[in-house]
Amino acid sequence: MIRNSIIRLKKLSAADSRRRFLLPSSLTNLEFKFLFYLQTKHLLGCCRCRNHIALHDDIISKAFQGRSGRAFLFSHVNNICVGRKEDRQLMTGLHTVADIQCNDCGEVLGWKYEKAYEESQKYKEGKFILEKSKIVNDNW
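So, a few notes on the structure that sits alongside this text.

About the cut-offs
Throughout, residues of each chain are indexed from 1 in the direction in which the sequence is written. In view of the model being predicted, local features appear only for residues whose pLDDT reaches at least 70, and side-chain atom pairs are presented and counted only at 80 or more, with totals across whole chains, interfaces and linings using the full set of residues. Excluded from the side-chain calculations are hydrogens and water; all other atoms, namely the structure's heavy atoms, are used. To define a nonpolar core, start from buried Ala, Val, Leu, Ile, Met, Phe, Trp, Tyr and Cys residues and group those joined through side-chain atoms within 4.5 Å. Any residue under 20% of the maximum accessible area for its type is buried, any over 50% is exposed, and the rest in between are partly exposed; the area is computed with a 1.4 Å probe on protein chains only. Secondary structure counts use DSSP, requiring at least four H or I residues in a row for a helix and at least two E residues in a row for a strand, with both numbered from the N terminus. The contact definition used throughout considers only heavy atoms, calling two residues in contact when any of these lie within 4.5 Å. At least two DSSP bridges between two strands are needed for those strands to be called paired. Throughout, an axis means a line fitted to C-alpha atoms (over the contacting stretch in the case of helices), and angles, computed between N-to-C directions, take values from 0 to 180 degrees. The criterion for an aromatic pair is that two Phe, Tyr or Trp rings (for Trp, the six-membered ring) have centres within 6.5 Å, with stacked assigned to planes under 30 degrees apart, edge-to-face to planes over 60 apart and tilted to the rest. We define a salt bridge as a contact between a side-chain nitrogen of Lys or Arg and a carboxyl oxygen of Asp or Glu at a distance within 4 Å.

1. A look at the nonpolar core
Counting residues in hydrophobic clusters, the biggest one holds 15 residues, and the most contacted among them are Ile-53, Phe-74, Val-77, Ile-80, Leu-109 and Leu-130. Elements with a contribution of two residues or more to this core: strand S3 (43-46), strand S4 (52-55), strand S6 (69-74), strand S8 (93-102) and strand S10 (128-131). When neighbours within four sequence positions are excluded, Leu-109 is seen to be in contact with Cys-46, Ile-53, Ile-80, Ile-100, Gln-101, Cys-102, Ile-129, Leu-130, Glu-131 and Lys-134. In this structure, Phe-64, Ala-71, Val-97 and Trp-111 belong to the second largest nonpolar core, which totals eight residues.

Spelled out as structure tokens, the structure:
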């Protein structure tokens, strides 16, 4: 049985990268790692392997703080693995978050907001934080 196969999808547009790909039921027992290569300007990539992670246009806010400094709030990210959910006390209150890491090299890049307990923070649910020190400008 094939385990941890890499399927490389090249030259996807930004719209294609947000579509969900479904596998046939015969392939559900296999573990695949999809790597999306976005063909557009203003890409942000992983600092370690330069894997395409996000589009600059998907930045919602640059006024966030990460563990190691400035961070950005994104509406969408690609080529990431979402870790286990846990409750964390952040600067803006208690949130349920899951660390996100690069799908290629495993570098922890930030976290995903799963749940916000305060009403004023609900807009963050389902959004992603990428730390500025963990991403690089690619294709500029």
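2. A look at the sheet that holds S6
Hydrogen bonding along the main chain pairs the strands of a sheet, whether they run parallel or antiparallel. The antiparallel open sheet is built from six strands, whose spatial order is S5-S6-S10-S9-S8-S7. The sheet terminates laterally at strand S5 (59-66) and strand S7 (80-90), the two strands that pair on one side only. When the angles between neighbouring strand axes are averaged without regard to direction, this sheet yields 30°. As judged from the nine bridges shared by S7 and S8, these two strands associate in the antiparallel manner. Looking at the pairing, Lys-85 lines up with Ala-98 of S8.

3. Overview of the side chain of Arg-88
If you trace the backbone, Arg-88 turns up in strand S7. Judged by its relative accessible area of 15%, Arg-88 is buried.

4. Some points on the environment of Lys-62
One can find Lys-62 in strand S5. Spatially, the C-alpha atoms of Lys-62 and Phe-72 are 4.6 Å apart, while their sequence positions differ by ten residues. Residues within four places of Lys-62 in sequence aside, it is in contact with His-56, Arg-70, Ala-71 and Phe-72.

5. Some details on the packing of aromatic side chains
In total, this model carries two aromatic pairs according to the counting rule given. A centroid spacing of 6.3 Å and a plane angle of 80° characterise the contact between Trp-111 and Tyr-113, whose relative ring orientation is edge-to-face.

6. Details of the pattern of salt bridges
A side chain of one charge can pair with a side chain of the opposite charge when the charged atoms of the two come close. Applying the stated rule across the entire model yields seven salt bridges. Taking the shortest distance from any N to any O, the salt bridge between Arg-67 and Asp-99 comes out at 2.6 Å. Of this pair, Arg-67 sits in the loop between S5 and S6 while Asp-99 sits in strand S8, and the two are 32 residues apart along the sequence. Among the residues examined, Asp-99 registers a relative accessible area of 26% and is labelled partly exposed. Salt-bridge contacts for Glu-114 lead to Lys-112; the nearest nitrogen and oxygen are separated by 4.0 Å. In this structure, a network of salt bridges that share partners links the residues Arg-67, Glu-86, Arg-88 and Asp-99.

7. What about the pairing of strand S9 (residues 108-116)?
Bridge count for S8 against S9 is seven bridges, and the pairing is antiparallel. Bridge assignment links His-95 to a residue of S9, and that residue is Ala-116. Remark: five residues form the turn of the hairpin made by S8 and S9, two consecutive strands paired antiparallel; Gly-106 in that turn has positive phi of roughly 90°. One ladder, built from three bridges, connects S9 with S10; its direction is antiparallel.

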